[in-house]
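Architecture and fold: a report
For reference, the chains in residue letters:
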2 protein chains.
Amino acid sequence: MQALILNFVTTIEKLVIDDPRRIVHSFKVALAITLVSTVYYLKPLYKDMGDASLWAVMTVVVVFEYTAGATLCKGMNRGLATLLGGALGIGAKYLASLSGPKAEPIVLGCIIFLLAASATFSRFIPHIKKRYDYGVMIFILTFSLVAVSGYRVDKIIELAYQRLSTIIIGCATCIIISICVCPVWAGEDLHNLVVSNLEKLASFLEAGFGGQIPFEGDGVNSSNEPDKSSCLVAYKSVLNSKAAEESLANFAWWEPGHGKFGLYHPWKQYLKIGVASRQCGSHIEALNGYLDANFQISSELRKRVEEPCIKMCSEAGTTLKELANSMKSFSCPLKSTMHLQTCKEAVDEVNAMLKASFVGEFDILEITPIIRVVSMLIEIVKCVETIHVAIEELSEQAHFKMLLGDDEKPQVHHDGGAVACLDDHDNQEDNDFVKVIIHKIPSESLEIEIIGDKKPFEKQLVCSHCPKHMDVDGY
Amino acid sequence: MQALILNFVTTIEKLVIDDPRRIVHSFKVALAITLVSTVYYLKPLYKDMGDASLWAVMTVVVVFEYTAGATLCKGMNRGLATLLGGALGIGAKYLASLSGPKAEPIVLGCIIFLLAASATFSRFIPHIKKRYDYGVMIFILTFSLVAVSGYRVDKIIELAYQRLSTIIIGCATCIIISICVCPVWAGEDLHNLVVSNLEKLASFLEAGFGGQIPFEGDGVNSSNEPDKSSCLVAYKSVLNSKAAEESLANFAWWEPGHGKFGLYHPWKQYLKIGVASRQCGSHIEALNGYLDANFQISSELRKRVEEPCIKMCSEAGTTLKELANSMKSFSCPLKSTMHLQTCKEAVDEVNAMLKASFVGEFDILEITPIIRVVSMLIEIVKCVETIHVAIEELSEQAHFKMLLGDDEKPQVHHDGGAVACLDDHDNQEDNDFVKVIIHKIPSESLEIEIIGDKKPFEKQLVCSHCPKHMDVDGY
């Protein structure tokens with residue numbers, strides 16, 4: 001018994017720690033129900049609404065969902081479906097009443113049967129199932145209720161009006177509370193989910209598969225075991241995020257613009273990034289399984305490919321990390337381009353290394369696992385590239401900004417161009433890169449002037465990929 | 001406009017052809033709604049129930065789901081939650097009335113707030129979310145409705161009784177129609193889904209990746225293009241079946257025994273098979289992608305591994321096919337064991353082939369793609385083995401039968417053992433196997449007598465793996 005209670009408490013604790021907004025959500029729902037039920041307690045409101053005011057309570061319980069998008073989806077569906085169903089129900093009642101009092105229930109029954117059957121079937125249509133499933137259900141519900149009760153209640157229009165208005169009160173309460181009191185935006189959650197998935201993959205790659213990929217011999221694996229297993233759990237969750245991403249994207253579609261997300265934010269692009277991330281994750285899983293089982297061989301070839309492989313792995317991780325960072329800050333992916341470039345160079349290096357190995361230098365059995373690992377790493381790099389392209393598309397579609405560091409101010413020249421010189425303070429690996437961001441593109445020629453007393457560097461221009469959205473902050 | 005209508009008609013047609021039960025389901029829902037609404041039309045019934053009879057209509061619309069399991073899940077949840085919520089609601093109303101008429105709405109409001117908040121939070125607990133989510137929602141709904149309306153309605157117990165009885169009428173109508181009229185069993189659907197996924201993988205493997213794996217040169221690919229692309233679409237659907245399998249397994253839990261599925265059918269085991277199938281599918285996808293992109297090399301080594309690779313691929317396919325067949329017929333997987341054995345022998349053969357190749361005989365660049373393809377094929381064989389083990393576990397848990405062919409009768413001997421001799425009439429590849437199935441195991445020694453004038457064969461005993469469940473049909 002004690003164990004059961006302890007278990008229960010641990011579950012609750014975990015739920016709260018994982019996402020404290022769950023507690024807030026529970027209180028929001030309770031608040032909405034309590035607010036709406038006052039309609040019933042207060043005499044003046046009760047006079048107008050009558051017993052129908054209970055529908056407001058019901059609506060709140062049924063419509064209030066965890067994210068604002070889901071609540072909006074259900075609220076809008078319920079409101080519109082009630083309106084449509086009520087109107088058609090009244091129409092059906094009048095149509096049936098034309099056929100005389102005896103035939104009326106039969107005619108009503110037939111109309112309800114046909115409409116219910118076709119509406120139920122329409123719920124199988126993919127597009128309706130995706131967005132309006134709940135609405136169609138409420139439509140059938142309201143239509144049947146109004147049409148049926150029309151048989152005994154005379155003041156059918158008044159009834160329909162009462163019902164509609166209480167449902168609107170309920171929906172409005174839900175939507176207002178869900179949007180105004182600590183809102184949980186499905187869009188923001190989707191954004192964070194995609195970013196955190198990228199970070200999980202990145203940290204696994206950067207750590208070099210828990211110390212295995214750096215080819216540091218077999219003794220290292222066992223010492224890194226706990227670290228690796230936590231990493232493993234982390235990237236496994238990436239593989240199972242499909243359903244969550246799709247439902248969040250679906251609800252995000254209903255949400256108004258909020259924070260840095262506009263009304264027409266390209267939510268679909270997140271699904272693309274998600275697909276590529278899962279692809280990358282499954283390659284990582286395959287390689288990881290292979291390393292666990294087979295990787296015990298040391299050889300001359302292994303020593304040759306060791307360095308570029310470590311580079312490939314860590315640069316792929318850094319690329320993903322920079323992509324995640326640029327998504328976090330809603331800025332164009334710039335740094336990641338460089339890391340991806342280094343990563344691809346490492347791939348070329350390994351390929352060249354293999355090509356240069358003398359014919360017949362090695363034993364097939366000896367080199368087989370090395371070749372497998374290398375080719376799996378190359379697959380991972382390909383996936384990282386796909387993710388990079390998808391995020392670049394997102395940055396273009398969502399008008400991500402060109403971001404300047406906080407301590408750097410753009411240098412303005414009087415010829416109409418503004419040139420900012422940035423140095424990668426936060427990334428010591430890239431000392432030979434200097435980012436030059438051009439604020440206004442001069443009509444004809446472009447002169448780049450580097451100002452300041454920095455270290456010597458190679459003059460290299462990084463293509464910004466989104467020259468149209470160069471609103472530099474603080475300029 | 002015409003195009004729109006045509007498009008719409010095509011969509012509807014496709015929905016009906018894909019699953020004609022959808023039409024039946026629509027009519028079942030309409031029938032249930034119409035039946036329940038007669039409660040309202042018929043005077044004697046209306047007298048008992050009053051306006052509350054509308055709740056029966058509402059219940060039907062909300063509870064009736066596509067599969068019997070889902071309907072049962074929602075129906076049971078709704079019934080029990082209404083009972084519990086109603087009882088607690090009445091309790092709350094009496095508790096509040098003790099505090100005097102002025103404080104009553106305030107006390108009621110507080111109770112509702114606390115209960116709604118904690119019940120809403122409980123919906124986040126994974127176990128409740130999985131099975132009782134709808135029930136908790138209805139509990140909050142009923143509790144709030146009864147507690148709130150108790151403030152103005154005096155005959156609160158009568159109201160609660162009416163509401164409960166109409167909801168029970170609604171739920172019962174749904175459950176009876178959903179189980180008795182052309183039932184759609186979630187369990188059966190799950191079984192069929194898993195079987196068809198195995199078949200899709202099998203046909204892709206048996207066809208040798210649309211003619212690519214047999215290493216028949218590059219010209220063959222293009223001629224097989226349409227055939228291959230249809231195969232591709234088929235196995236891709238395997239990769240996306242996770243959500244469907246999980247929800248079906250969840251609903252199957254609620255279903256009573258039906259057909260060959262007992263009340264305690266091991267539905268969870270299907271999820272295991274599903275996971276292994278998807279794993280296999282993703283390996284196939286990886287290999288397929290690799291073949292599309294890279295496989296252009298011919299070499300001496302390729303010629304050597306060609307035959308065992310073709311064997312590996314086709315035998316893996318046949319194993320899956322036989323596994324699907326044994327699931328279809330609810331019989332122990334026997335034939336598949338043999339094919340898996342052949343498959344593993346082919347793996348050993350390839351490994352030996354690689355081992356025997358002289359050190360330094362080949363160029364690394366030349367053999368890399370061949371080694372990759374071979375090792376991917378080996379991974380696929382491993383997955384097939386996992387599937388095989390999972391299905392054997394299923395056959396044991398679900399008491400699958402040892403199946404005899406229709407035209408074979410077991411031969412009975414007077415020493416207490418019954419020996420049946422089966423010949424693989426339907427599988428011409430296995431002519432050198434004869435299955436011997438022993439019905440009763442004699443206490444001490446076992447003599448096997450082969451009866452009939454069959455072709456010469458090797459005497460080979462196939463372990464049956466499930467000797468406990470040897471109830472031979474027709475004996």
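Residues numbered from 1 in each chain as written. Chains lettered and ligands numbered in written order. Predicted model: local features only at pLDDT ≥ 70, side-chain atom pairs only at ≥ 80, totals over all residues. Heavy atoms only, no water.

1. A closer look at the interface of chain B and chain A
- The partner chain A presents 72 residues to the 72 residues of chain B that form the contact.
- Of the roughly 6,600 Å² buried between chain B and chain A, counting both surfaces, carbon and sulfur atoms make up 77%.
- Taken together, chain B and chain A are joined by zero salt bridges.
- Counting every contact that joins chain B to chain A gives two residue pairs in polar contact (both at pLDDT 80 or more).
- Per-element tally for the side of chain B that touches chain A: the top contributor is helix α2 (residues 21-41) of chain B, with 13 residues.
- In the side of chain B that touches chain A, the residues fall into 48 nonpolar, 15 polar and nine charged. (Contact = heavy atoms within 4.5 Å. Buried area = accessible area lost by both parts, 1.4 Å probe. Salt bridge = Lys/Arg side-chain N within 4 Å of Asp/Glu carboxyl O. Polar contact = N/O pair within 3.5 Å; in protein donor to acceptor, adjacent residues only side chain to side chain. Helix = DSSP H or I, 4+ residues; strand = E, 2+ residues; numbered from the N terminus. Nonpolar A, V, L, I, M, F, W, Y, C, P; charged D, E, K, R; others polar.)

2. Regarding helix α16 (residues 300-328) of chain B
All names here are of chain B.
- Its 29 residues give α16 an end-to-end C-alpha distance of 43 Å, which sits within 8% of 42 Å, the value for a rise of 1.5 Å per residue.
- At E306, α16 shows its largest bend, some 45 degrees, and a proline, P308, comes one to four positions later.
- Of the residues trailing α16, F330 is marked for its positive phi of about 55 degrees. (Expected span 1.5 Å × (residues − 1). Bend = angle between axes of the 7 residues up to and from the residue.)

3. Re the nonpolar core
- Ranked by internal contacts, the top residues of the largest apolar core, which has 124 residues, are M312(A) and M312(B).
- Residues within four places of M312(A) in sequence aside, it is in contact with C343(A), A346(A), V347(A), V350(A), V374(A), L377(A), I378(A) and V381(A).
- One finds A116(A), C171(A), V57(B) and A116(B) within the second-largest nonpolar core, a separate group that totals 84 residues. (Core = buried A, V, L, I, M, F, W, Y, C linked by side-chain atoms within 4.5 Å. Buried < 20%, exposed > 50% of the residue type's maximum accessible area, 1.4 Å probe, protein only.)

4. Here we look at the relation of the copies chain B and chain A
- Screw-axis analysis of chain B against chain A gives a translation of 0.0 Å along the axis, an RMSD of 0.1 Å, and a rotation angle of 180 degrees. On the angle and the small slide along the axis, the relation comes out as a two-fold axis.
- A high fraction, 100%, of the interface residues of chain B reappear at the interface in chain A, so the copies pair face to face through one surface. (Least-squares fit on C-alpha atoms with pLDDT ≥ 70 in both.)

5. Considering the UniProt feature "transmembrane region" (unreviewed entry) in chain A
Residues and elements named next belong to chain A.
- Those places that UniProt annotates as "transmembrane region" (unreviewed entry) correspond, in this numbering, to residues 23-42, 54-73, 80-100, 106-125, 132-152 and 164-186.
- Between the C-alpha atoms that bound residues 23-42 the distance is 29 Å, and the span itself is 95% helix and 0% strand.
- In residues 106-125, the share of helix is 85% and the share of strand is 0%. The end C-alpha atoms are 30 Å apart. (UniProt positions renumbered as here; feature names shortened; annotations may be inferred.)

6. Here we look at the side chain of T173(B)
Residue and element names in this part refer to chain B.
- Examined against the element boundaries, T173 turns out to sit in helix α9 (residues 156-180).
- On the accessibility criterion, T173 (15% relative accessible area) is buried.
- Engagement of the side chain of T173 in a polar contact is seen with the backbone oxygen of I169, the distance being 2.6 Å.

7. Here we look at the packing of aromatic side chains
- One pass over the structure, following the stated rule, counts 20 aromatic pairs over all chains.
- Note on Y66(A) and F124(B): the rings are 5.3 Å apart at their centroids and 75 degrees apart in plane angle, and the pair reads as edge-to-face. Remark: F124(B) occurs in the loop between α6 (104-122) and α7 (126-131) and Y66(A) occurs in the loop between α4 (54-63) and α5 (68-97); the pair is interchain, linking two chains.
- You can call F124(B) buried: its relative accessible area is 13%.
- By way of ring pairs, the aromatic residues F261(A), W267(A), Y270(A), F330(A) and F400(A) are connected into one cluster. (Phe/Tyr/Trp six-rings, centres within 6.5 Å; stacked < 30°, edge-to-face > 60°.)

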